[in-house]
Structure formats: structure tokens, C-alpha cells
Amino acid sequence: MKVFTVETGKVEKGVSVEPFELKNAKMVIPAVIVGEIGRGRGQGVLTIQMSPELLKAWEMDRKMKIFAAQIGKTRNGGNKLIATVDRGSEERAIFVLRTSIGYRGGNVHTGDELVEGGGYEAFPGEILTSGVIAQGDAGRMGSGDQIVAIIPRNVVFRTAYTGRLYGEPSEHYYKWVGGDNVLAISGTEREIADIF
């Protein structure tokens, strides 16, 4: 599957491989990390399994992006990513949603349409891991989720932000149409343009 990183309306191909320290084992492993560590926060970690050659290249300077992966399971049944060259099926892709929050605000991840009684459709992705970002020492000034999810092609999903946004959009809509093409527009732009 292809991998994309989404951050408040901006979409990039691939995801950065970050070092995750296993403190008791005294070793560092490659991973995708969302969220934060600290009070009122939480970190979501997906280990990345790599070929010996790729792992050796990553260990040299710990700077690398992967652009395709398959989903695997750890020995204890958790999710992990298996870095691949072959992008495989064009039916689903992996999205790393590093969704921000407004000052003293929060965020939500939803589906496309408003439903009867208010609110939006449920988020259409299969969540692999999630983390929590926050503001303030104890995390009480504002907080929101960041997630890694599998999302099908041609399915619209939405990220929305609350709090003080200082003129930035309060929501974005996304649709992966295949290949490296992810459409991303603000709610205002979507009202104006008939893209999807």
C-alpha cells in the first residue's frame, strides 16, 4: 500500500521513519510515531520491519522515508508496518494523520457527510494506532488525536480543528483517487469548487 502523511491540509508522499528507544532493552528501532509523551498526552507507535539492507541504511543516519508498506503483526498481536518497494493494491492506502489543534482547542476525524440529528459520518478508516497531542503542562489547555489509518480509494474523510485558529481553516477534506494523487481542500474551498 502507498503511504501518505497528512498535516492540517498538507499531504506528502511517504512517512519519515523515526527512532523509537526501547529503554529497558537499550536499543533503538525504526517506527512511525504519532502523538506526544507527557501528562494528558499519549504516544502511538508502529514498528517498521525493514529488509537488512534498508535497516542498515537507516541506522547510518536515522533519516529515511518509506513510501509503501504492508500491515503485519508483532509477536504480541500488535500492528506493525513492513516496508516494501512494491506498492501493491491500489484499493487502500496508509495515512499518517498528524492533525493539529487550535489554541486551547481540539480536533476530530470524521467521514464526509452530515448525518441526521447533527454531526458527521464516522471516520471511514481502519485505525492502526493513535496518539494524543496537548497544550499546557498538564495537557488541559487543549488536546486532540493523531492517528495512522488505512483508508480506501475514493473515500472522502475530514479533519476539523477547534480553538483559536488565527485565520486558518477549521476543516479539511481529503480523497485519495489513486496513484500519488490525494485531493485536499478546506471546507470553504469545497463549497466554492466542485472537485468532489
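Residues numbered from 1 in each chain as written. Predicted model: local features only at pLDDT ≥ 70, side-chain atom pairs only at ≥ 80, totals over all residues. Heavy atoms only, no water.

Observations concerning unusual backbone geometry
We apply this condition: For the purposes of this entry, the term helix denotes a DSSP run of H or I that reaches at least four residues, the term strand denotes a run of E that reaches at least two, and both are numbered from the N terminus. Only protein chains enter the accessibility calculation, which uses a 1.4 Å probe; a residue whose area is less than 20% of its type maximum is buried, one above 50% is exposed, and one in between is partly exposed.
In the Ramachandran plot, Arg62 falls in the positive-phi region, its phi being about 55° despite a non-glycine side chain. Mapping Arg62 onto the fold places it in the loop between helix H1 (52-61) and strand S7 (65-66). What makes Arg62 partly exposed here is its relative accessible area of 38%. Unusually for a residue other than glycine, Asn154 sits at a positive phi of about 65°. Considering the arrangement of structural elements, one finds Asn154 in the loop between strand S13 (142-152) and strand S14 (156-161). Asn154 sits in the partly exposed class, given a relative accessible area of 41%.

Quick notes on the nonpolar core
Condition: Each nonpolar core is a collection of buried residues, namely Ala, Val, Leu, Ile, Met, Phe, Trp, Tyr and Cys, held together in the definition by side-chain atoms within 4.5 Å. Two residues form a contact once any of their heavy atoms are found within 4.5 Å.
Counting residues in hydrophobic clusters, the biggest one holds 20 residues, and the most contacted among them are Val32, Ile48, Met50, Ile66, Leu81, Ile94 and Val148. If you list the elements that add at least two residues to this core, you get strand S5 (27-35), strand S6 (43-49), strand S9 (79-83), strand S10 (92-97) and S13. If near-sequence neighbours (up to four positions away) are discounted, Ile94 is found in contact with Met1, Lys2, Val3, Phe4, Ala69, Ile71, Leu81, Val148, Ala149 and Ile150. Core analysis: the next-biggest nonpolar cluster, separate from the first, contains 14 residues, Ala149, Ile151, Phe157 and Trp176 among them.

Keep in mind that these numbers describe shape and distance, not what the molecule does.
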